[in-house]
Amino acid sequence: MTTPPRDRVTRLIVALAITSAIMTSAIVLHRAARAEDSQFEKMRARIAAFVGDKMEKLGGSRVVYKVDTDGLRESVVTDLRDDVYKTLREGKIAFSGLAIRDAGVEVKIADAKGREQLARKLASAAEGLPSHALTVTDGGDGLVRLAPTDAASAARLRDLVEDSIAMIEQRLKDAGINLASVLPDGTDRIRIFIPGMMEPARVTAVFARKVKVGFRLIDLSMPAEQAQSGTPPTGTEVLPGFKDERHYLVAKDSALDGDDISYAGPGFASGTKDPIASFRFNGRGTRRFAHVTEENIGRPFAIVLDGKVISAPVIREPITGGSGQISGNFTLEEASSVAMMLRAGSLPGHLGLVEQQVIQPASKP
């Protein structure tokens, strides 16, 4: 019996989707264990070529995005400045003139031992993390210049592309677009292909709007229900919960936002093993969050994603470590979605649209 063409296409799509998912998992695991060799890049290139070519023969929508390399460089140097400041303050090293200049960080430290201490602490923090390696240059008269190495910059770019791919996959899934091939295309581009879909605008519409992330204080001056049926206090608004039927009266202004987050990912609570979304702030976010929690002990604050309250914990003590976790009776899929939305709100800059087009199915010979 001859298999109908439509069934063959459907089976091929499913097979390729499974292959792509397996290969993506392999990439993630390999990333965690990879050494400084080229085998990872070669494997990824082969996967991209195989899956991309096979899927595009089916016809569908192809969209190519470019990650914001300028935004990445700015973010990396800003984080470096914050790390230098934190190291100097914690080490009680006298300094002056700390500033970002020419894609690096400059600081003046008169004491030679202080300069050595700074270099040693930063090198120790970067040990085992190629993406954090630095060049340290003595500019004379106590001036120290620090900048990411070329290898570190390349590693950060790879990480940004991989984080962007994970975010794209999750947001497409949340939008009901499941059979998608999302792969690197060169060093700073990402190629999305959806077999059978002849409307690439459906894909670009998903990413036309940046995810809004906010950490906002909750107003306790009146119940949310009363504010919803009447007039909320000035500077507040009522927002719905992510999973529950509750409403929350929250400040319109965010104490922190997505730009203050350096990492977010799904995980499991240490005690209960319940799915959670964990996050980590950058240097600026860590300082701001420590200040906000110190000034508002006993008050709840809302973690808001796209106008919905994901979680509303009470501040029990100042949180100075720069990291936290969000729980809310999540499934693992929901925890992954929340984490990726946090990550989408924190990725440096925006994805730039390079091209979108419809690919016609390859004709049979």
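All values derive from a computational prediction rather than experimental measurement.

So, how was this worked out
Residues numbered from 1 in each chain as written. Predicted model: local features only at pLDDT ≥ 70, side-chain atom pairs only at ≥ 80, totals over all residues. Heavy atoms only, no water. Axes fitted to C-alpha atoms, helices over the stretch in contact; angles between N-to-C directions. Helix = DSSP H or I, 4+ residues; strand = E, 2+ residues; numbered from the N terminus. Parallel < 35°, antiparallel > 145°, perpendicular 65-115°, else oblique. Left-handed = near helix turned anticlockwise from the far one by under 90°. Contact = heavy atoms within 4.5 Å. Nonpolar A, V, L, I, M, F, W, Y, C, P; charged D, E, K, R; others polar. Buried < 20%, exposed > 50% of the residue type's maximum accessible area, 1.4 Å probe, protein only.

1. Focus on the packing of helix α3 (residues 69-90) against helix α5 (residues 150-174)
Argument step 1. Following both chains from N to C, one finds α3 and α5 inclined at 120 degrees, their axes separated by 11 Å at the closest point. In this view, α3 runs oblique relative to α5, as classed from their interaxial angle. Taken as a pair, α3 and α5 cross one another with a handedness that is right-handed. Here α3 contributes Thr69, Leu72 and Val76 to the contact with α5, which in turn contributes Arg156, Leu157 and Leu160.
Argument step 2. Looking at side-chain class alone, the contact of α3 with α5 contains four nonpolar, one polar and one charged residues.

2. A look at unusual backbone geometry
Excluding glycine, most residues fall at negative phi; most peptide bonds, likewise, are trans.
Argument step 1. Positive phi, close to 65 degrees, is recorded for Lys273, a residue that is not glycine.
Argument step 2. Of note, Lys273 is situated in the loop between β12 (261-268) and β13 (275-281).
Argument step 3. Within the chain, Asp306 stands out as a residue other than glycine whose phi angle is a positive 50 degrees.
Argument step 4. The topology assignment puts Asp306 in the loop between β14 (301-305) and β15 (308-311).
Argument step 5. For Asp306, a relative accessible area of 29% translates into the label partly exposed.

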